[in-house]
2 protein chains.
Amino acid sequence: MPETRDDWEERLKEYLSANDLRLTRQRHLIAEAFFETDGHPNIDELYLRVRRRAPHIGQATVYRTLRLLVDSGLAASSRFGGAATRYEASDEDSHHDHMICTECGSITEFNNEAIERLQEEVARKHGFAMHSHKMELYGLCRKCSEREPGSPEPPKEAR
Amino acid sequence: MPETRDDWEERLKEYLSANDLRLTRQRHLIAEAFFETDGHPNIDELYLRVRRRAPHIGQATVYRTLRLLVDSGLAASSRFGGAATRYEASDEDSHHDHMICTECGSITEFNNEAIERLQEEVARKHGFAMHSHKMELYGLCRKCSEREPGSPEPPKEAR
DNA sequence: CTGCATGCAAAAAATTTGCATGAGG
DNA sequence: CCTCATGCAAATTTTTTGCATGCAG
């Protein structure tokens, strides 16, 4: 079972050579920064992080490389709420979904085999050839819901 | 069981007066255009549609009104893939999720009680107070998957 | 060498906001 | 009347693209 976060270097090389793409210093740096970042960074965060090591790198290259990582299957992208796209290492063996706190913005991962199976079943029933899915639960995380017990009127907007 | 698509006028008035907001000609027109549109229009589509009846209306007003409809619970917004936000009438009695074809972009709705229940269970287990959720299956719709039987390499990018 | 990749800045696309004017209650 | 809402355009934010130059293979 390939663990993307450990395995990325080889997997990236494979993908690149299989597609006649080049392993550039930038691509390596960006991928490295990406895979050593836990959580769900967005382009800006990655850009800043990479910049520390390679000050003259272009933001466009970060965008381009992250798209490449997504195309290769090494990364997955999501847009929670209305914010900028966030990325995470995609580990095909253990897909997971997200719970997003609309109060503090924290993201919790979970996975549930039963739901996965039901999704495939639904797709099949509709003649739909599912190749991926995305599921997000919005609400208050434990901390925030404890802080505001019977929130009489949840914040009108959580942007 | 309130059916939003029939009931929107009264519900909108209630929300507005409850929040000291005004029922303006524009808001009415935009809501009307929205609720008589099937599918999942985006701001542009609604703007064009409303413009036919009220040529001098501003795009910003459409944005502002759709946000209002979402805040009021009369509408729900989603962003499929990387495209602009799309809106739909939200009928609290029958939540549904989406299957998006990455080939032709068609959107199919479905709902599955079992999945809903499991979602709530997962949330509860994590101490998470879920107030809404979103689920999207990506893949090829029946038509598209019939057209490309054993697609040897799915289109690298479906933007 | 040769062509893909990069950096930079400009362009796009989507959405928000400031402000003077208009109109709902 | 007194605000809140609108229209318009300008500003933001996020992402993409064009192009000359660089560098991987």
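These numbers were taken from a predicted model, which means no experiment stands behind them. (Residues numbered from 1 in each chain as written. Chains lettered and ligands numbered in written order. Predicted model: local features only at pLDDT ≥ 70, side-chain atom pairs only at ≥ 80, totals over all residues. Heavy atoms only, no water.)

Below, the discussion takes up the relation of the copies chain A and chain B. You can overlay chain A on chain B at an RMSD of 0.1 Å; the transform is a turn of 180 degrees with a shift of 0.1 Å along its axis. Accordingly, the operation relating the two chain copies is best matched by a two-fold axis. Scanning chain A for the C-alpha nearest the rotation axis identifies Met-135 of chain A, at a separation of 2.1 Å. Interface overlap between copies: 100% of the residues of chain A at the interface are likewise at the interface in chain B, consistent with a symmetric, same-surface contact. (Least-squares fit on C-alpha atoms with pLDDT ≥ 70 in both. Contact = heavy atoms within 4.5 Å.)

Attention shifts here to the domain arrangement of chain A. Residues and elements named next belong to chain A. Each assigned domain of chain A is listed with its residue range as follows: domain 1 (5-89) and domain 2 (97-146). Computed from C-alpha atoms alone, the centre-to-centre distance between domain 1 and domain 2 is 24 Å. The interface of domain 1 with domain 2 comprises 8 residues on the first partner and 7 residues on the second. For domain 1, the biggest contributors to the area lost against domain 2 are His-40, Phe-80 and Glu-88; these three give 67% of the whole. Where domain 1 packs against domain 2, one counts 0 salt bridges. For the side of domain 1 that touches domain 2, the secondary-structure elements that each account for two or more residues are β1 (75-78) and β2 (86-89). (Domains from an automatic or database assignment. Buried area = accessible area lost by both parts, 1.4 Å probe. Salt bridge = Lys/Arg side-chain N within 4 Å of Asp/Glu carboxyl O. Helix = DSSP H or I, 4+ residues; strand = E, 2+ residues; numbered from the N terminus.)

By nearness alone, 21 residues border DNA strand C, and Arg-22, Gln-26 and Thr-61 of chain A together with Arg-67 and Thr-85 of chain B come closest of all. Close to the protein, within 4 Å, the atoms of DNA strand C are drawn from sugar and phosphate at a rate of 65%. Contact distances for DNA strand C include 2.2 Å between a phosphate oxygen and a side-chain N or O atom of Arg-67 of chain B. Where the surface near DNA strand C is concerned, the elements lending two or more residues are α2 (25-35) and α4 (59-72) of chain A together with α4 (59-72) of chain B. In terms of residue class, the surface near DNA strand C is made up of 7 nonpolar, 7 polar and 7 charged. (Near = heavy atom within 4 Å. Polar contact = N/O pair within 3.5 Å; in protein donor to acceptor, adjacent residues only side chain to side chain. Nonpolar A, V, L, I, M, F, W, Y, C, P; charged D, E, K, R; others polar.)

Close to DNA strand D lie 20 residues, the nearest being Arg-67 and Thr-85 of chain A together with Arg-22, Gln-26 and Thr-61 of chain B. Taken together, the sugar and phosphate atoms account for 68% of what DNA strand D places within 4 Å of the protein. In the model, a base oxygen of DNA strand D is placed 2.7 Å from a nitrogen or oxygen of the Arg-22 of chain B side chain. Going through the elements one at a time, α4 of chain A together with α2 (25-35) and α4 of chain B are the ones with two or more residues in the surface near DNA strand D. Per-element tally for the surface near DNA strand D: the top contributor is α4 of chain A, with 4 residues.

With that out of the way, let us pick up the interface of chain A and chain B. Interfaces are often described in size by the accessible area the parts lose on coming together. At the junction of the two partners, chain A supplies 44 residues and chain B supplies 44 residues. Between chain A and chain B, roughly 3600 Å² of surface is buried when both sides are summed, and carbon and sulfur atoms account for 59% of that area. Contact with chain B buries surface across chain A, with Arg-79, Phe-128 and Tyr-138 of chain A losing the most and accounting together for 17% of the total. Run the count over chain A and chain B and you get 0 salt bridges. For the pair chain A and chain B, the interface holds 14 residue pairs in polar contact (both at pLDDT 80 or more). Going through the elements one at a time, α4, β3 (97-101), β4 (107-110), α5 (113-125), β5 (129-140) and α6 (142-147) of chain A are the ones with two or more residues in the side of chain A that touches chain B. Per-element accounting of the side of chain A that touches chain B gives the leading share, 12 residues, to β5 of chain A. For the side of chain A that touches chain B, a count of residues per class yields 19 nonpolar, 14 polar and 11 charged. Here 11 bridges tie β5 of chain A to strand β5 (residues 129-140) of chain B, and the two strands are oriented antiparallel to one another. By the bridge assignment for β5 of chain B, Ser-132 of chain A is matched with Tyr-138 of chain B. (Pairing = 2+ DSSP bridges.)

Further remarks concern the nonpolar core. Formed by 26 residues in total, the largest nonpolar core has its most connected members in Leu-137 of chain A together with Leu-137 of chain B. Of all the elements in the fold, those that place two or more residues in this core are β3, α5 and β5 of chain A together with β3 (97-101), α5 (113-125) and β5 of chain B. Contacts of Leu-137 of chain A, omitting those with residues within four sequence positions, involve His-98, Met-99, Ile-100 and Phe-110 of chain A together with Gln-119, Ala-123, Phe-128, Met-130, Ser-132 and His-133 of chain B. (Core = buried A, V, L, I, M, F, W, Y, C linked by side-chain atoms within 4.5 Å. Buried < 20%, exposed > 50% of the residue type's maximum accessible area, 1.4 Å probe, protein only.)

Moving on to the pattern of salt bridges. Residue and element names in this part refer to chain B. Throughout the structure, instances matching the rule amount to 12 salt bridges over all chains. Of the charged contacts in the structure, one is a salt bridge between Glu-36 and Arg-53, with a shortest N-O distance of 3.6 Å. Residue Glu-36 is found in the loop between α2 and α3 (43-53), and its partner Arg-53 is found in helix α3; the two are separated by 17 residues along the sequence. Across the pair Arg-86 and Glu-45 runs a salt bridge whose closest N-O atoms are separated by 3.5 Å. One end of the pair, Arg-86, is in strand β2 (residues 86-89); the other, Glu-45, is in helix α3, and 41 residues separate them in sequence. Assessed through its relative accessible area of 38%, Glu-45 is described here as partly exposed.

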